[in-house]
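Per-entry structural report
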Amino acid sequence: MAASGKMTSFRLPPLPTIREIIKLYNLRAQRQLSQNFLLDLRLTDKIIHQAGNLKNACVCEVGPGPGGLSRSILNAGAADLLVVEKDKRFIPGLELLSEAAPGKVRIVHGDILTYRMDQSFPTHIAKKWEDEPPDLHIIGNLPFSVSTPLIVQWLEQMANRSGPFVFGRTRLTLTFQKEVAERLTASTGSRQRSRLSIMAQYLCTVKNCFTIPGRAFVPKPDVDVGVVHFTPLAQPQIQQPFKLVEKLVKNVFQFRGKHCHKGLEMLFPEVDRLDLTEELLRSADVDPTLRPAQLSIGHFRALAEVYGKLCRENSELIGYDFRVELRQKHQSQRRRSKELHSQHPLKKEKC
Ligand code: SAM
């Protein structure tokens, strides 16, 4: 069965190698754009393999560059490949690829951070959220400076079922700096456990597929790279608004070496900080002496539910930011000390 599938699958006709494309179009990597290319098509095939079965699938590839991954996506049988590339120098090379795979490649010269993916695929591919994932995949080897803010943006859209998730539980296969890949998939109690671990794992099944050594890229980055696969969960593990969960998690992890109550305290205004923190921890049944990394998704779920209830009871709580309160306190202290100085001539003279 698998063999006959292979026989009927689409193969790209012979094309210049990626190295030749780079030479042909003078595509020297721009360090300031953190461009590192994959030239080895066995490696790009291995990445694409992690996405699952792409036969007849729709794929959005982010940052195709000279098109190594794009070739593997097409060879895996994708029917509709939309590539979004910010650097216009790559467009002619991508057009060559598009000619080699007639009707299969759409090229967008744009920025993936602002690109409207919700309008880019036909509605008939959409699946209900609770059903199996749609035949739509997001794949990309992006600069690290883009992939981290982008995954946070996509996690929020996942929670709100907007952007690429209007089509259902769209799967993602993306590269990250190895350390970020480890954080995304870190389990409770591990050294790499962080904000990203909670935000990704409460919404998705996250798999750290394999590590690519830096030397596999041209030019070689200073770090190794992890390939991470995300499948959105039919039932998120925390049923609270994304922004609320994000705020809670951010507060907890800001003091990652301290007991968790320390970060939780900062969710509340100084006047009733201790009482509300105690109520939060007691109602959520969380031990205040656990360190942030020791908190499971279940702990965060319980904390988010109680914090959500407290926010509903006091509408100002969700907007409360201890840094603003601290800044205002310092400003008024400075103002008071200035006033004191101006009222005290002797002190003023000394100054
Ligand atoms: N995918 C190619 C490969 O694996 O060889 C290129 C990888 S290179 C690390 C990242 C690519 O993403 C570059 O082509 C760069 O121009 C593109 N890129 C960077 N920021 C982008 C953005 N915000 N939107 C779309 N493409 C972007």
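Attention here is on the structure that accompanies the text. (Residues numbered from 1 in each chain as written. Predicted model: local features only at pLDDT ≥ 70, side-chain atom pairs only at ≥ 80, totals over all residues. Heavy atoms only, no water.)

Within the secondary structure, glutamate 270 is located in the loop between helix 10 (260-265) and helix 11 (273-284). The partly exposed category is assigned to glutamate 270, whose relative accessible area is 42%. Considering only alpha carbons, one finds glutamate 270 and glutamate 305, 35 residues apart in sequence, at a separation of 22 Å. (Helix = DSSP H or I, 4+ residues; strand = E, 2+ residues; numbered from the N terminus. Buried < 20%, exposed > 50% of the residue type's maximum accessible area, 1.4 Å probe, protein only.)

Along strand 3 (residues 80-85), six of the six residues are buried, which leaves the element largely enclosed by surrounding structure. Burial of the side chains of strand 3 extends over both faces: Asp80, Leu82 and Val84 are buried on one face and Leu81, Val83 and Glu85 on the other. Bridge count for strand 2 (residues 58-62) against strand 3 is five bridges, and the pairing is parallel. Counterpart to cysteine 60 in the pairing with strand 3 is leucine 82. After leaving strand 2, the chain enters helix 4 (residues 68-75) and then returns to the sheet as strand 3, a path that is right-handed. The pairing of strand 3 with strand 4 (residues 105-109) spans five bridges and is classified as parallel. The partner of valine 83 across the bridge, within strand 4, is isoleucine 107. This β-α-β element, strand 3 to helix 5 (residues 91-100) to strand 4, shows right-handed connectivity. (Pairing = 2+ DSSP bridges. Right-handed = clockwise from strand over helix to strand, strands pointing away.)

One pass over the full model with this rule turns up twelve salt bridges. We note a salt bridge from glutamate 156 to lysine 243, for which the minimum N-O separation is 3.4 Å. Note that glutamate 156 is positioned in helix 6 (residues 144-160) and lysine 243 in helix 9 (residues 242-253), a separation of 87 residues in sequence. Notably, a salt bridge pairs lysine 178 with glutamate 182, separated by 3.4 Å at the nearest N-O pair. Taken together, the residues span about one helical turn, with lysine 178 and glutamate 182 both in helix 7 (residues 178-185) at a distance of four residues. Take lysine 178: its relative accessible area is 26%, and that puts it in the partly exposed class. (Salt bridge = Lys/Arg side-chain N within 4 Å of Asp/Glu carboxyl O.)

Taken by themselves, the reported measurements are silent on function.
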